[in-house]
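Structural description and commentary
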Amino acid sequence: MRWGATDAEVAMPLPGDDLASGKISTSTRALTIKASPSQTWPWIKQIGHGRGGFYSYTWLENLFGYRGKTINELIPDWDAIQEGDQVKFAANGIPVIRLSRMVEGRTFVLTHDSSATLKATGGRQPLMGLNDFIWQMHLEPVGDGGDQAEECRLIVRSMISLPQSWFMKILDYAFSEFGHFIMEQKMMRGIRDRAEKAIRN
């Protein structure tokens, strides 16, 4: 739940924290990238199905209906994304995920639009449920230099609404959160590897 994150990073307020309400499960994970925030940011900004992908295990993503591919290059056309735009997690666009907040060069905040998901499914609950969640990807410079610092920390925070029953909470931690961790840490390493490789070439 706090893979690679320091105590300070776990406690650090992020721009999307206030979007969460009710009882939530929060994870904060982090790693160091030997590239500046400005060099790393484009890889985060093009995340999504039909865009850059999720830099994770494609075979595992496909088990959840992703049916896409991860791109190993930056595509300038995908830089035009704005707050309110949909970021697809799967080929069918379900669940409906939106870019709710963006601090250019620093923070990318995705949230689940549950009402839009129900509308898209004709009122049927999707396989992965209708849990509200906030998924934040934040870049924090290391040392001096701001956006041009030689290194940065990628901090990823997930805030997911908890089921009501203890039985469902146990299942959520045992299966959903474990699978989430496997894919998320791979995504984070994928962003790091691409950003570092780009500046070496």
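These lines cover the structure that appears in this document, whether it is placed above or below. Computed from a predicted structure; not experimentally measured. (Residues numbered from 1 in each chain as written. Predicted model: local features only at pLDDT ≥ 70, side-chain atom pairs only at ≥ 80, totals over all residues. Heavy atoms only, no water.)

This next bit is on the overall build of the protein chain. Looking only at helices and strands, the protein chain features five helices and five strands. Ordering the α and β elements of the protein chain from the N terminus gives α-β-α-α-β-β-α-β-β-α. Accessible area of the protein chain: about 10,400 Å², with a carbon and sulfur share of 56%. (Helix = DSSP H or I, 4+ residues; strand = E, 2+ residues; numbered from the N terminus. Areas by Shrake-Rupley, 256 points an atom, 1.4 Å probe, with all protein chains shown as cover.)

Our next topic: the packing of aromatic side chains. What the rule picks out here adds up to seven aromatic pairs. Here Trp-43 and Tyr-55 contribute two aromatic rings whose centre-to-centre distance is 6.4 Å and whose plane-to-plane angle is 70 degrees, an arrangement assigned as edge-to-face. Of this pair, Trp-43 sits in helix α2 (residues 37–45) while Tyr-55 sits in the loop between α2 and α3 (58–63); the two residues are twelve residues apart in sequence, bridging distant segments of the chain. Residues Trp-43 and Tyr-55 agree in their burial class; the two are buried. The interplanar angle of 75 degrees and the centroid separation of 5.8 Å between the aromatic rings of Phe-89 and Trp-135 together place this pair among those described as edge-to-face. One end of the pair, Phe-89, is in the loop between α3 and β2 (97–103); the other, Trp-135, is in strand β4 (residues 133–142), and 46 residues separate them in sequence. Taking relative accessible area as the criterion, Phe-89 reaches 23% and is therefore assigned partly exposed. Site record: aromatic cluster; members linked through ring pairs are Phe-54, Phe-89, Phe-133 and Trp-135. (Phe/Tyr/Trp six-rings, centres within 6.5 Å; stacked < 30°, edge-to-face > 60°. Buried < 20%, exposed > 50% of the residue type's maximum accessible area, 1.4 Å probe, protein only.)

Among the structural elements, Arg-153 can be located in strand β5 (residues 151–161). Under the relative-accessibility criterion, Arg-153 is labelled buried at 15%. Of the polar contacts made by the side chain of Arg-153, one reaches the backbone oxygen of Gly-4; its length is 2.8 Å. (Polar contact = N/O pair within 3.5 Å; in protein donor to acceptor, adjacent residues only side chain to side chain.)

This part takes up the environment of Ser-36. Inspection of the secondary structure puts Ser-36 in the loop between β1 (24–33) and α2. If we ignore the near neighbours within four places in the chain, the residues touching Ser-36 are Asp-147, Gln-148, Ala-149, Glu-150 and Cys-152. (Contact = heavy atoms within 4.5 Å.)

Trp-135 gets classed as buried once you look at its relative accessible area, which sits at 9%. Separated by 119 residues in the primary sequence, Trp-135 and Gly-16 place their C-alpha atoms 8.2 Å from one another. With residues up to four places along the chain from it excluded, the contact list for Trp-135 reads Phe-54, Phe-89, Phe-108, Val-109, Leu-110, Val-156, Arg-157, Ser-158, His-180, Glu-184 and Met-187. Within the structure, Trp-135 has its side chain in polar contact with the side chain of Ser-158 (distance 3.4 Å).

What follows covers the side chain of Gln-46. Locating Gln-46 in the fold gives a position in the loop between α2 and α3. Look at Gln-46 and you get buried, because its relative accessible area is 2%. Here Glu-73 takes part through its backbone oxygen, which lies 3.0 Å from a polar atom of the side chain of Gln-46. Not counting residues up to four positions away in its chain, the partners in contact with Gln-46 are Arg-51, Gly-52, Gly-53, Tyr-55, Glu-73, Leu-74, Ile-75 and Trp-78.

So, on to the pairing of β2. Where β2 lies against strand β3 (residues 107–112), six bridges are found, and the strand directions are antiparallel. Across the sheet, Met-102 pairs through a bridge with Phe-108, a residue of β3. Taking the residues that link successive antiparallel strands as the turn, the β2-β3 hairpin has three residues, and the phi of Gly-105 there is positive, at about 85 degrees. (Pairing = 2+ DSSP bridges.)

The strand order across the open sheet formed by five strands is β1-β5-β4-β3-β2, and the pairing between neighbours is antiparallel. Among the strands making up the open sheet, the edge pair consists of β1 and β2. Between one strand axis and the next, the sheet turns through 15 degrees on average, direction left out of account. Of the strands in this sheet, β1, β2, β3, β4 and β5 are in contact with α2, which crosses β4 at around 160 degrees. (Axes fitted to C-alpha atoms, helices over the stretch in contact; angles between N-to-C directions.)

That's the geometry; what it means functionally is another story.
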